[in-house]
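Coordinate analysis (summary)
Given next are the chains, with one letter for each unit.
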Amino acid sequence: MTLTTNDKTEVPGEFNRVAKAYDFLTGLNPGYKRHLRKSAKRLELKPDARILELCCGTGLSTQEIRKSYPKATICALDFSEGMLEKARTKTKLKNVEWVHGDATDPAHYGVEGPFDAIYMAYGIRNIPDPDLCLRNLLSLLKPGGQLCVHEYSVADSKRSQLVWNAVTLSVVIPSGRVFAGSSEIFKYLRHSVLEFDGVRTFEARLRDAGYEGVRTLPMDGWQRGIVHSFMAQKPL
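Thresholds applied
Residues numbered from 1 in each chain as written. Predicted model: local features only at pLDDT ≥ 70, side-chain atom pairs only at ≥ 80, totals over all residues. Heavy atoms only, no water. Buried < 20%, exposed > 50% of the residue type's maximum accessible area, 1.4 Å probe, protein only. Helix = DSSP H or I, 4+ residues; strand = E, 2+ residues; numbered from the N terminus. Arc of directions from axis to C-beta. Contact = heavy atoms within 4.5 Å. Phe/Tyr/Trp six-rings, centres within 6.5 Å; stacked < 30°, edge-to-face > 60°. Lys NZ or Arg CZ within 6 Å of the ring centre and 35° of its normal. Pairing = 2+ DSSP bridges. Right-handed = clockwise from strand over helix to strand, strands pointing away.

Considerations on helix 8 (residues 199-208)
- For helix 8, the set of buried residues is Val 199, Phe 202, Glu 203, Arg 205 and Leu 206. An end-on view of helix 8 places all buried positions within 155 degrees of arc, on one side of the element. Exposed side chains of helix 8 directed beyond 90 degrees from the buried face belong to Arg 200 and Asp 208.
- Residues of helix 8 that are buried make contact with helix 5 (130-140), strand 5 (141-152), strand 6 (212-218) and strand 7 (227-233).

If you want it as structure tokens, here you go:
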């Protein structure tokens, strides 16, 4: 099966296939965990905040949220059963509720707000209707609640596109084929990033969904200009 960005319904199933090797593969990316933590800290929450994490995957991002906010209560959701099961079994985190569900509408899966913050890492690209998702998330935030979307965006920069293509074609896709037994999700990853919104386009998407205080903060290292913290908040 060839996974395409035109039909994202098969994405969770492909993540199931690579769940066992996913942490090893992300470990090949310098700064991966540190960047997840950097975005979490940028939310600037109180220590005992209530946080909704979407597209939690194998729990790497959940662990970085916990490091940033040791006393927080976290609701972590993912649509891939394989990734979620690995997160449950490996992290052993306290005060975390693991939910199997679609980030487009968490409330449909029993997730109840309001939350102090919502954190989504590497997920919005995989959602068929991102505008609907962002509107639904707004309803789950407290007034003044914070949103952080930790995501790739390279559309505005030819240099970033060149770097992204070089890394995915020479490292990510071949490594996925060797260590995960499948390269489909990683081929999809490459194209989904290239086709995703530019920074200004995604900022406009957030404003159109009803958020204010929209701003974009950069990462460092090789992912500067490639990965960003998109920050926004629900109006008071």
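Topic: the packing of aromatic side chains
- Counting across every chain of the model gives 8 aromatic pairs.
- The interplanar angle of 50 degrees and the centroid separation of 5.5 Å between the aromatic rings of Phe 196 and Phe 202 together place this pair among those described as tilted.
- By relative accessible area, which is 0% here, Phe 202 ends up buried.
- When the ring of Phe 202 is compared with that of Phe 230, the centres are 4.8 Å apart and the planes differ by 70 degrees; the resulting orientation is edge-to-face. Of this pair, Phe 202 sits in helix 8 while Phe 230 sits in strand 7, and the two are 28 residues apart along the sequence. As far as burial versus exposure is concerned, Phe 202 and Phe 230 are alike and both buried.
- Its guanidinium or amino end placed over the ring of Phe 115, Arg 50 lies 4.1 Å from that ring's centre, counting from NZ or CZ.

Let's talk about the environment of Leu 147
- Structurally, Leu 147 can be placed in strand 5.
- When its relative accessible area of 0% is taken as the criterion, Leu 147 is described as buried.
- On a C-alpha basis, the gap between Leu 147 and Met 231 in space is 5.8 Å, while along the polypeptide they are 84 residues apart.
- The contact partners of Leu 147, leaving out residues within four places of it in the chain, are Leu 43, Ile 118, Leu 134, Leu 137, Leu 141, Leu 206, Tyr 211, Phe 230, Met 231 and Ala 232.

Here's the deal with the pairing of strand 1 (residues 50-54)
- Of all 5 residues in strand 1, 4 are buried; the element is thus mostly enclosed.
- Bridge analysis of strand 1 against strand 2 (residues 73-78) gives 5 bridges, and the strand direction is parallel. Within strand 2, the position partnered with Arg 50 by the bridge is Thr 73.
- Handedness of the strand 1-helix 3 (residues 60-68)-strand 2 crossover: right-handed.
- Where strand 1 and strand 4 (residues 115-121) come together, 4 bridges link them in parallel fashion. Its bridge partner being in strand 4, Ile 51 is matched across the sheet by Ala 117.

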